[in-house]
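Summary of the model geometry
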There are 2 protein chains.
Amino acid sequence: MNLKELSRILGLSQTTVSRALNGYPEVSAATRERVQAAARQHNYSPNARAKGLATGRAYAIGHVIPSSDSHEIVNPIFGDFIAGAGETYARRGYDMVLTVVDDAEVERAFRAYKVKGNVDGTILHGPLLNDPRIYLLRDIGLPFAVHGRASEVPGDYTWLDVNNRRAFQRATDFLLDLGHRRIALINGLEAMDFAVRRRQGFEDALTARGIPPIPALHRSAEMTEGLGFRFASEMLDGPAPPTAFLVSSFISALGVRRAVLDRGLKLGRDVSIITHDDVLSYMTNGEDEPIFTATRSSVREAGRLLAGMLIDRIEGVTGDTQKMLECDLVLGASTGPAPR
Amino acid sequence: MNLKELSRILGLSQTTVSRALNGYPEVSAATRERVQAAARQHNYSPNARAKGLATGRAYAIGHVIPSSDSHEIVNPIFGDFIAGAGETYARRGYDMVLTVVDDAEVERAFRAYKVKGNVDGTILHGPLLNDPRIYLLRDIGLPFAVHGRASEVPGDYTWLDVNNRRAFQRATDFLLDLGHRRIALINGLEAMDFAVRRRQGFEDALTARGIPPIPALHRSAEMTEGLGFRFASEMLDGPAPPTAFLVSSFISALGVRRAVLDRGLKLGRDVSIITHDDVLSYMTNGEDEPIFTATRSSVREAGRLLAGMLIDRIEGVTGDTQKMLECDLVLGASTGPAPR
DNA sequence: GACCGCCTTCAAAGCGCTTTCAAAGTGCGG
DNA sequence: CCGCACTTTGAAAGCGCTTTGAAGGCGGTC
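If you're wondering where the values come from, they're calculated on a predicted model, not measured in any experiment.

1. Details of the overall build of chain A
- In terms of helices and strands, chain A carries 12 helices and 12 strands.
- If you line up chain A on its principal axes, its C-alpha atoms span 85 × 45 × 35 Å.
- Going through the 340 residues of chain A one by one, you find that 56% of them count as buried.
- Counting every atom, chain A has about 13900 Å² of accessible surface; 50% of that belongs to carbon and sulfur.
- A distance of 4 Å separates the average location of the 40 positive side-chain charges in chain A from that of its 41 negative side-chain charges.

Here it is, written out as C-alpha cells:
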C-alpha cells in the first residue's frame, strides 16, 4: 500500500492525502478524518526512503562505535545508554543507526553519514579532552550531541554530562571522613574527559586537607573486571596497601572486590570501596542494600535525555543545549572506618 | 556532490557514471577508471535514500530489542553480539538499525520494518521454544535470521546456534567425574530455547549415571549478577547445599561466586562452579588462568557469522543456512573434586 | 449580478538514484 | 563500401513521497 493507491481508493489527490496525514492545516476536518481512517484500515505507512528523499531528512540518528581489539567501547555502559536513547528515538519516530568500525575508520564513518545522508545527526561517545571528532563534525556540518564534554574544545556544542568532579570529590571526602588516608584511585583512561574530571575531584578533596595523592596507588586504564582485579591485587600485595579504593566503574569494582575477597579481607572492615555506578540493568548494585557505596547516575536516563536534546536541535525546537546531571552518593556495605 | 553534478563535470550521462561506479560491464575500462578517479577526488558517495528508493533496497539490517523494565535484552551479551554483527555489516556495506521498544510493541516494530522499508531483513534475538515472531516474520515476508533456534517451530529458517545441550552435558559429566553429586543449575529463563537445551544436557548427563536432579537446586531466571548471588545464597544457606554450580551466564556466575566467597568458602575446594562464557569483551574470564571453568563460545563471533548468513540470504548468495557452533570446555580454578 | 477572498483540492515538479530502451560508434567479413 | 554484430553511451521513465503554484467552489459584499 502506497500513497498513490491510497489516494486512488479515497478518490483524492496524493497531495491532499499527504497533507491530511502529516497534519497540515489546509485540509478540512472531515477529509482528514476520512483519510486517517483509510490509512489505518489499509495499514498504510509512508515509505521511509521516499519520504526521506523528498524531505531531505533521514529520520535516523547515527552512533559510531570504534571497535578495535585494543579499545572497545561496545561495553555494558554503552548498551544501557543506547537502550535509553532508543526509547526516545522510538517515541519521536527516529531510527537508531549503529556503525561499528575500526578506530582508524571513525572519521570516514562520520563523513559517510554526511555524504550518504542516512542519518540526520549523531551522538558522540566517550569524548577525549580535546576530541578531534568534534572539530570534524563541526567542519562537515553534521548535527551532533556529546555524551560527556571535551574540556579543551573551545566553543559551544550540545552536551550532557555527569558532574564527575563533584561526585568524586564528595566520594573522597566521605572516605577521608572515615579516616582513610591511603586511598587508591582506579580510574578510566585519562585521555577521556570524564576520567580527568574524576581525578580532579579526587585531588581537590585531598588537597583541601593537605594530603598528597600517592602515585603508586593510582591507575588509569580500560575499565574491565580483569584490570580492576589486577590493579587491586598489585596494590594489596604491595609494601603499603591502600585502605580504600575509589573506582570509576562498577565493572572494575567487581574486579577490585574479587581481589579483596581473594585475600581473605573483609569489605567495609579491612578495605573500603567506593565506585561510580551507572545503574546498569544487568549489574545492579545490589537489590535492597547496595553492594558498594557508590556515586550513582543512570546512564540509561542520560541516553534518553541526550537523544531528546539532539532531536530538538535537529528539528529546530528550542530546548536545553547543555545539561549537567548530579550524582547521588548512595551508602552501601563496602565502606567503613579506616582500620588502625 | 551528487550524480548529476559529477556527470556534468565528467561530461558524461548519469547513466554511464552510475554504471561505472556500480561495476556494470558495459562501460569501457578507460571511462570507468576516469569516473572512479573523479568520484574519489570529489568525495562523491551516492545518497543512500535515493539509492534505496531506486533499488527498493535499504542496505540496512534491523534489530528489534524489547525493553520493558521486567525483561531486558539490552545486556552485555547483546552488546557483544551486535559488535560482531556490526563488523560484518560495515564490511559488506550495510547499516545496522536498532529499534528499542516495549515488549508489547515488538510485533508492530517488525511490521513497521516491512511497511516502511527501512531495512532489508532482521535478526531475531533470544528465541523462545515456539517463538511467535518467527511465524510473524514468515507471514509478512521479511527476511530474517535467528540467533539460536526455536525447537518447536516447524519448517526451515536461517539460524546459528551453539550446541547448548552438548556443552552442558559435557560440563555436567566433568563435575560428576570429580565426584560431585549435589549439582545446582542456575539457568536462564526456560521459556528461552537455549535454556531448555542446557537443562536437557544437564539432565542427560545425570540420567546416564542414574542420578536424579534435585529440584531445590534448580533455578531459572534472568541472568543477572544479583539473581546469581541470591539463588546461590539461598542454596548455600539451605539444609543441603550443593557442592557444585552449573551456571548459564558469566554474569550470574559472578554473583554465585560472590555468594560463595561471602560465606568464607573457597572456590574449587569447598564449592565448584562451571559457567557458560560468551567471551564478553568487558568481562573476560581471567587473563592467563580462567577464573571459572567454562563452556566457551564467542558471541561476538556468532554475530559476525549470523550477519553474514542473513546478508547472503538477502542478496541471494548461496551459503550455509544453518550453523551449529561447538563450545570449548576450558579449565579454570573454580572446579575441583567434591569435598567429602 | 459581478467581484472578492477564503477554504479546499489538485496537477505537476522535484528529491537523487537505477534501469530500460534506443541510438551512436566501432570493427570486420563479404 | 555496405551491412552486421558488438561495444559504449545517453535520454527518459520511474521509485514514493513532499510541496509549490494554480484553480475550483462558495458565501458574502457592494
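2. What about the protein's contact with DNA strand C?
- Around DNA strand C, the surrounding shell holds 28 residues, and the nearest of these are T15(A), R19(A), L3(B), S18(B) and Y24(B).
- When the atoms of DNA strand C within 4 Å of the protein are sorted by group, sugar and phosphate make up 58%.
- Between DNA strand C and S13(A) there is a distance of 2.8 Å, counted from a phosphate oxygen to a backbone nitrogen or oxygen.
- A50(B) is positioned such that a nitrogen or oxygen atom in its backbone is 3.4 Å from a base nitrogen of DNA strand C.
- When residues of the surface near DNA strand C are traced back to their parent elements, those giving at least two are α2 (14–21) and α4 (48–55) of chain A together with α2 (14–21) and α4 (48–55) of chain B.
- Its residues assigned to classes, the surface near DNA strand C comprises 11 nonpolar, 13 polar and four charged.

3. Considering the packing of helix α5 (residues 76–92) of chain A against helix α12 (residues 299–315) of chain A
Residues and elements named next belong to chain A.
- Two elements in contact, α5 and α12, have axes whose closest approach is 7 Å; the angle formed by their N-to-C orientations is 45°. In terms of axis orientation, α5 runs oblique to α12. For α5 against α12, the interelement crossing comes out right-handed. Counted together, I77, D80, F81, A83, G84, A85, E87, T88, Y89 and R92 of α5 and V299, R300, A302, G303, R304, L306, A307, G308, I311, D312 and E315 of α12 form the full contact between these two elements.
- A class-by-class count of the residues in the contact of α5 with α12 yields 10 nonpolar, four polar and seven charged.

4. Some thoughts on the protein's contact with DNA strand D
- For DNA strand D, the set of nearby residues contains 28 residues, the closest of which are L3(A), S18(A), Y24(A), T15(B) and R19(B).
- When atoms of DNA strand D within 4 Å of the protein are split into backbone and base, the sugar-phosphate part holds 55%.
- The separation between a phosphate oxygen of DNA strand D and a polar main-chain atom of L3(A) is 2.3 Å.
- Here S18(A) contributes a side-chain N or O atom positioned 2.5 Å from a phosphate oxygen of DNA strand D.
- Within the residue set of the surface near DNA strand D, elements represented by two or more residues are α2 and α4 of chain A together with α2 and α4 of chain B.
- Looking at side-chain class alone, the surface near DNA strand D contains 11 nonpolar, 13 polar and four charged residues.

5. A closer look at α4(B)
- Its side-chain oxygen at 2.8 Å from the backbone nitrogen of R49(B), N47(B) defines the N-terminal cap of α4(B).
- Note on α4(B): the residue one or two positions beyond its end, G56(B), has a positive phi of about 75°.

6. Topic: the domain arrangement of chain A
- Each domain of chain A was delimited in the assignment, giving domain 1 (3–55), domain 2 (60–162 + 299–325) and domain 3 (164–297).
- Computed over C-alpha atoms only, the centres of domain 1 of chain A and domain 2 of chain A are separated by 33 Å.

7. Here's the deal with the sheet that holds strand β12 (residues 328–330) of chain B
Residue and element names in this part refer to chain B.
- Read across the open sheet, the six strands follow the order β7-β6-β8-β9-β10-β12; overall the sheet is mixed. Two strands bound the open sheet, and with one partner strand each, they are β7 (218–220) and β12. Shown here is a sheet whose adjacent strand axes are inclined to one another by a mean of 15°, direction ignored.
- Across four bridges, strand β6 (residues 183–187) lies against strand β8 (residues 244–247) in parallel orientation. Note that in β8 the partner of A184 across the bridge is F245.
- Helix α8 (residues 164–177) rests against β6, β8, β9 (272–277), β10 (293–296) and β12 of the sheet, and its axis sits at about 170° to β8.
- The sheet contacts of helix α9 (residues 193–208) involve β6, β7, β8 and β9, and relative to β6 the element is tilted by about 170°.

Cut-off values and rules
- Residues numbered from 1 in each chain as written.
- Chains lettered and ligands numbered in written order.
- Predicted model: local features only at pLDDT ≥ 70, side-chain atom pairs only at ≥ 80, totals over all residues.
- Heavy atoms only, no water.
- Helix = DSSP H or I, 4+ residues; strand = E, 2+ residues; numbered from the N terminus.
- Buried < 20%, exposed > 50% of the residue type's maximum accessible area, 1.4 Å probe, protein only.
- Areas by Shrake-Rupley, 256 points an atom, 1.4 Å probe, with all protein chains shown as cover.
- Lys, Arg positive; Asp, Glu negative; His and termini not counted.
- Charge placed at Lys NZ, Arg CZ, Asp CG, Glu CD.
- Near = heavy atom within 4 Å.
- Polar contact = N/O pair within 3.5 Å; in protein donor to acceptor, adjacent residues only side chain to side chain.
- Nonpolar A, V, L, I, M, F, W, Y, C, P; charged D, E, K, R; others polar.
- Axes fitted to C-alpha atoms, helices over the stretch in contact; angles between N-to-C directions.
- Parallel < 35°, antiparallel > 145°, perpendicular 65-115°, else oblique.
- Left-handed = near helix turned anticlockwise from the far one by under 90°.
- Contact = heavy atoms within 4.5 Å.
- Domains from an automatic or database assignment.
- Pairing = 2+ DSSP bridges.

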